[in-house]
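Residue-level structure breakdown
Here is what each chain is made of, one letter per residue.
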Amino acid sequence: MTDDLHRRAVVADLHNDLLCAVAARPVDRWAAFFRERWLPQLRAGGVDLQALPVFVEDAYRPEGALRRTLRMIEAAHRLAEGNPDAVALCLDGAQIDQALAQDRIALVLALESAPGVGEDVELLETLFRLGVRIASLAHFGRTALADGSGEDATGGRLTRAGIEALSEMERLGMLFDISHLGAAGVEHVLELASRPVVATHSSARALFDHHRNLTDEQIRGVAAGGGVVCVNFFAPYLHASDYRVDRLVDHIEHIASVAGIAHVGLGPDFVKEVLADTTAPCCALDFVQGVPADVYLPGLEGPAGLPRVTEALERRGWAEQDIVAVLGENVRRLLRAELGRPA
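Residues numbered from 1 in each chain as written. Predicted model: local features only at pLDDT ≥ 70, side-chain atom pairs only at ≥ 80, totals over all residues. Heavy atoms only, no water.

1. Some remarks on the overall build of the protein chain
In terms of regular secondary structure, the protein chain is built from 13 helices and eleven strands. Since a compact globule built from 343 residues should have a radius of gyration of about 20 Å, the 18 Å found for the protein chain is in line with a globular shape. Counting only C-alpha atoms and orienting by the principal axes, one finds that the protein chain spans roughly 50 × 45 × 45 Å. Within the protein chain, the proportion of its 343 residues that are buried is 59%. By sequence separation, contacts in the protein chain at least 24 residues apart represent 74% of the contacts at least 6 residues apart. (Helix = DSSP H or I, 4+ residues; strand = E, 2+ residues; numbered from the N terminus. Rg over C-alpha atoms; globule rule 2.2 N^0.38 Å. Buried < 20%, exposed > 50% of the residue type's maximum accessible area, 1.4 Å probe, protein only. Contact = heavy atoms within 4.5 Å.)

This is the structure in structure tokens:
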């Protein structure tokens, strides 16, 4: 039953940093590396819709941030062009539907933190032209647009340029991502937003009190605006020590109870292989933002394990239509309605 249901469902993953691993290869290997290393994992996990975050590492900030951003976007285009039978880089809901109908994985470009933009908000339109359809304004730290969740003690909201960025994204039809944004910034966005927002990879603070997780009030705010909260799979953000799939399901169930089934999705943040691929042994982190950096849910270290989520939800007695909604239909509905649709 589990495998059949998982294969019939549209499975959407709104956060997998695989593009970092692709871009770390020589240019002429980008498409082949994706085909050899990542495509089999996505197929094994039943992934139908994959957001590709454009993440710029600290080493490139600030001077090289825009160049790094553009190079990663180019990598996404080339991996799609080099695998046209398997994937399609999609700009709107119609293109997503077409890709799924052709049994191709729909790829959506997502900007994480936007360090390459700085205060030059007009560059969002440039990045939109290049295919970016989801964007956040901060990571853990401070940017010219907003404070990340690691700066919560400052109480920082969106900067003036950040407010302009939100308005510009809404005008363009670029989905605003609140994951990683500081608490005051999330509240600010929910006050100002006139269109739905998304949390691409955030879990529930009521179950584990870490600044990367969302409070119930924030979750309700996302749902009230028509958005979706996609649950992060990173084990140390789910529980202090119990790293099992059941703890992930606890977060899914809690967010569903607060927001409603229609406002929950999946944002796994599969980083184990990416970090192993891109981090020298000398520089590996033991901790990130106060939690262990190298602990993962057994069997859910990568996308091939995604059927385990369906299995766990079935064990909890979830109805089939609710499982299908959380696996991807909620995200598909949101992207179909919002991507590329000008205000």
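Having seen the model, we can carry on.
2. Focus: a nonpolar patch on the surface
Residues Leu66, Leu70 and Leu130 make up a contiguous nonpolar surface patch of about 200 Å² in total accessible area. Tracing the backbone through its elements, the reader meets leucine 130 in the loop between α6 (123–129) and β5 (132–135). Judged by its relative accessible area of 32%, leucine 130 falls in the partly exposed class. (Patch = residues over 30% accessible without salt bridge, like charges linked within 9 Å, V, L, I, M, F, W, Y side chains within 5 Å. Areas by Shrake-Rupley, 256 points an atom, 1.4 Å probe, with all protein chains shown as cover. Salt bridge = Lys/Arg side-chain N within 4 Å of Asp/Glu carboxyl O.)

3. A few points about unusual backbone geometry
You will see that aspartate 103, though not glycine, has its phi angle at about 60 degrees, which is positive. Note that aspartate 103 resides in the loop between α5 (93–101) and β4 (105–112). We note that alanine 114 has phi near 55 degrees; this positive angle belongs to a residue other than glycine. Looking at the secondary structure, you find alanine 114 in the loop between β4 and α6.

4. Considerations on helix α4 (residues 65–81)
With 17 residues, α4 should reach 24 Å at 1.5 Å per residue; the first-to-last C-alpha distance of 24 Å fits that figure. Those residues of α4 lying buried are Ala65, Arg68, Thr69, Met72, Ile73, Ala75, Ala76, Leu79 and Ala80. Along the axis of α4, the buried positions cluster into a sector of 150 degrees, meaning they face one direction only. The exposed residues of α4 that point more than 90 degrees off its buried face are Arg67 and Glu81. (Expected span 1.5 Å × (residues − 1). Arc of directions from axis to C-beta.)

5. Examining the packing of helix α9 (residues 216–224) against helix α10 (residues 245–259)
Contact geometry of α9 with α10 gives a least axis separation of 9 Å together with a crossing angle of 60 degrees. Here α10 runs oblique to α9, going by the angle between their axes. Handedness of the crossing formed by α9 with α10: right-handed. Contacts between α9 and α10 involve Asp216, Ile219, Arg220 and Ala223 from the first element and His254, Ile255, Val258 and Ala259 from the second. When its residues are assigned to classes, the contact of α9 with α10 shows five nonpolar, one polar and two charged. (Axes fitted to C-alpha atoms, helices over the stretch in contact; angles between N-to-C directions. Parallel < 35°, antiparallel > 145°, perpendicular 65-115°, else oblique. Left-handed = near helix turned anticlockwise from the far one by under 90°. Nonpolar A, V, L, I, M, F, W, Y, C, P; charged D, E, K, R; others polar.)

6. What to know about α5
Listed as buried for α5 are Gly93, Ile96, Ala99 and Leu100. Viewed along the axis of α5, the buried residues span an arc of 120 degrees, placing them on a single side of the element. In this structure, α5 carries Ala94 and Ala101 as exposed residues pointing more than 90 degrees from its buried face. Buried residues along α5 sit against β2 (47–55), β3 (87–89), β4 and α13 (320–338). Measuring from the side-chain oxygen of the N-cap residue of α5 to the backbone nitrogen of alanine 94 gives 3.2 Å; that N-cap residue is aspartate 92. Of the residues flanking the end of α5, it is aspartate 103, one or two places downstream, whose phi is positive at about 60 degrees. (Polar contact = N/O pair within 3.5 Å; in protein donor to acceptor, adjacent residues only side chain to side chain.)

7. Some details on the side chain of serine 202
As for its placement among the helices and strands, serine 202 is situated in the loop between β7 (197–199) and α9. The class of serine 202 is buried, set by a relative accessible area of 1%. At a separation of 3.4 Å, a polar atom in the side chain of serine 202 contacts the side chain of arginine 212. Sequence-distant contacts of serine 202, defined by excluding residues within four places in its chain, comprise Ser179, Arg212, Leu214, Val229, Cys230, Val231, Asn232 and Ile255.

8. A word on the pattern of salt bridges
Within this structure, the stated rule accounts for 27 salt bridges. We note a salt bridge from aspartate 4 to arginine 8, for which the minimum N-O separation is 2.9 Å. Here the residue aspartate 4 and the residue arginine 8 both occupy positions in helix α1 (residues 2–8), the gap between them amounting to four residues, near one helical turn. Given a relative accessible area of 42%, aspartate 4 falls into the partly exposed group. Arginine 171 is paired through a salt bridge with glutamate 168; the nearest N and O atoms lie 2.8 Å apart. With a gap of three residues between them, arginine 171 and glutamate 168 both fall in helix α7 (residues 160–172), about one helical turn apart. Judged by its relative accessible area of 38%, arginine 171 falls in the partly exposed class. Salt bridges here are not isolated pairs; linked through shared partners, they connect Asp242, Arg244, Asp246, Arg247, Asp250, Glu253, Glu311, Arg315 and Arg316.

9. Description of a negative patch on the surface
A cluster of acidic residues, Glu119, Asp120, Glu122 and Glu164, forms a negative patch on the protein surface. Its location among the elements puts aspartate 120 in the loop between β4 and α6. For aspartate 120, a relative accessible area of 40% puts it in the partly exposed group. (Lys, Arg positive; Asp, Glu negative; His and termini not counted. Charge placed at Lys NZ, Arg CZ, Asp CG, Glu CD.)

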